[in-house]
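# Chains, contacts and geometry: an overview
Here is what each chain is made of, one letter per residue.
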Amino acid sequence: MRRVTFLFSLLLSFYMYRILSYVSPHLRDCPSSKFKGLNSVRAPIGYKALVTGGAGFIGSHVAKDCFNFGFEVVAVADMSGGFRKNVPAGVRLVLGDLKDAKFVSDLMEKERFDVVYHLAAYF
Ligand SMILES: NC(=O)c1ccc[n+]([C@@H]2O[C@H](COP(=O)([O-])OP(=O)(O)OC[C@H]3O[C@@H](n4cnc5c(N)ncnc54)[C@H](O)[C@@H]3O)[C@@H](O)[C@H]2O)c1
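Given the structure is predicted, the values throughout are model-derived calculations rather than measurements.

## Points about the sheet that holds strand E1 (residues 48–52)
- Pairing in this open sheet of 4 strands is parallel, and the strands run E3-E2-E1-E4 from one edge to the other. The two strands at the open ends of the sheet, each matched to only one other strand, are strand E3 (92–95) and strand E4 (115–118). The average undirected angle you get between the axes of adjacent strands in this sheet is 20 degrees.
- Note: strand E2 (residues 72–77) against E3, 4 bridges, orientation parallel. Across the sheet, the residue bridging to alanine 77 is leucine 95, located in E3.
- Set on the sheet, helix H4 (residues 57–69) makes contact with E1, E2 and E4; between it and E1 the angle comes to about 170 degrees.
- The strands that helix H5 (residues 101–111) touches are E1, E2, E3 and E4; relative to E3, the one it contacts most, it runs at about 150 degrees.

Right, dumping it as structure tokens:
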């Protein structure tokens, strides 16, 4: 009986080890040095990013990362979802509806973004 218990705990430890050391397949072959380098990635000076849905869950995180990378960041939201408090410090919030073609074209013309992350959407 003790031997069975021992073998069972051994097997359990093995599976626990496999689960805890699992690395997602898409990261398995990625050299860890690539991740370390991320902290030193900087946006070119003066680059401006538009993050649509920047008051939402995903958009606010993208906006924060863009800001930390050194972009000037503008978030657009119509506040049909998300929260004002989600908009990270340093990110400018512009209220507007992306279904309004004039609003979008005026915004693009005025701000001259270098990069756009379109995250204003719902599941
Ligand atoms: N939340 C998740 O776990 C998750 C996971 C994978 C993919 N996504 C995708 O990411 C996108 C954003 O999801 P989320 O969870 O951040 O949603 P969210 O509801 O938290 O935020 C959506 C944002 O988009 C804005 N928005 C919606 N329609 C707009 C319009 N017409 N004009 C201007 N702003 C508008 C809202 O004001 C809000 O700020 C969706 O496409 C979703 O499918 C989300």
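## Quick word on the pattern of salt bridges
- Inspection of every chain in the model, using the stated rule, returns 6 salt bridges.
- The salt bridge partner of glutamate 111 is arginine 92, with a shortest N-O separation of 3.0 Å. Highlighted residues: glutamate 111 in helix H5 and arginine 92 in strand E3, separated in sequence by 19 residues.
- You can call glutamate 111 buried: its relative accessible area is 7%.
- Lysine 102 is the salt-bridge partner of aspartate 106, the closest N and O atoms lying 2.6 Å from each other. You can see aspartate 106 and its partner lysine 102 sitting in helix H5, 4 residues apart, about one turn around the helix.
- In this structure, a network of salt bridges that share partners links the residues Lys48, Glu72, Arg92, Lys110 and Glu111.

## Description of the packing of aromatic side chains
- As enumerated under the stated definition, the model contains 0 aromatic pairs in all.
- Sitting over the ring of phenylalanine 113, lysine 48 keeps its end group 6.0 Å from the ring centre.
- A cation sits over an aromatic face here: lysine 85 above phenylalanine 83, 5.2 Å from the ring centre.

## Looking at the site of the ligand
- As a matter of local geometry, the ligand sits amid 19 residues, with Phe57, Ile58, Asp78, Asp97 and Leu98 nearest to it.
- Separating an oxygen atom of the ligand from a backbone N or O atom of glycine 56 is a distance of 3.3 Å.
- Backbone polar atom of glycine 81 to an oxygen atom of the ligand: 3.2 Å apart, as the coordinates give it.
- In isolation the ligand has 830 Å² of accessible area, and contact with the protein removes 74% of it.

## Thoughts on H5
- The complete set of buried residues in H5 reads Phe103, Leu107 and Glu111. Relative to the axis of H5, the buried residues are bounded by an arc of 35 degrees and lie together on one face. Structural note: H5 exposes Ala101, Lys102 and Glu109 on the side pointing more than 90 degrees away from its buried face.
- For H5, the secondary structure elements touched by its buried residues are E1, E2 and E3.
- N-capping of H5 is provided by aspartate 100, with a side-chain oxygen placed 3.1 Å from the backbone N of lysine 102.
- In the segment just after H5, arginine 112 is the residue with positive phi, at about 50 degrees.

Conventions used here
- Residues numbered from 1 in each chain as written.
- Predicted model: local features only at pLDDT ≥ 70, side-chain atom pairs only at ≥ 80, totals over all residues.
- Heavy atoms only, no water.
- Pairing = 2+ DSSP bridges.
- Helix = DSSP H or I, 4+ residues; strand = E, 2+ residues; numbered from the N terminus.
- Axes fitted to C-alpha atoms, helices over the stretch in contact; angles between N-to-C directions.
- Contact = heavy atoms within 4.5 Å.
- Salt bridge = Lys/Arg side-chain N within 4 Å of Asp/Glu carboxyl O.
- Buried < 20%, exposed > 50% of the residue type's maximum accessible area, 1.4 Å probe, protein only.
- Phe/Tyr/Trp six-rings, centres within 6.5 Å; stacked < 30°, edge-to-face > 60°.
- Lys NZ or Arg CZ within 6 Å of the ring centre and 35° of its normal.
- Near = heavy atom within 4 Å.
- Polar contact = N/O pair within 3.5 Å; in protein donor to acceptor, adjacent residues only side chain to side chain.
- Areas by Shrake-Rupley, 256 points an atom, 1.4 Å probe, with all protein chains shown as cover.
- Arc of directions from axis to C-beta.

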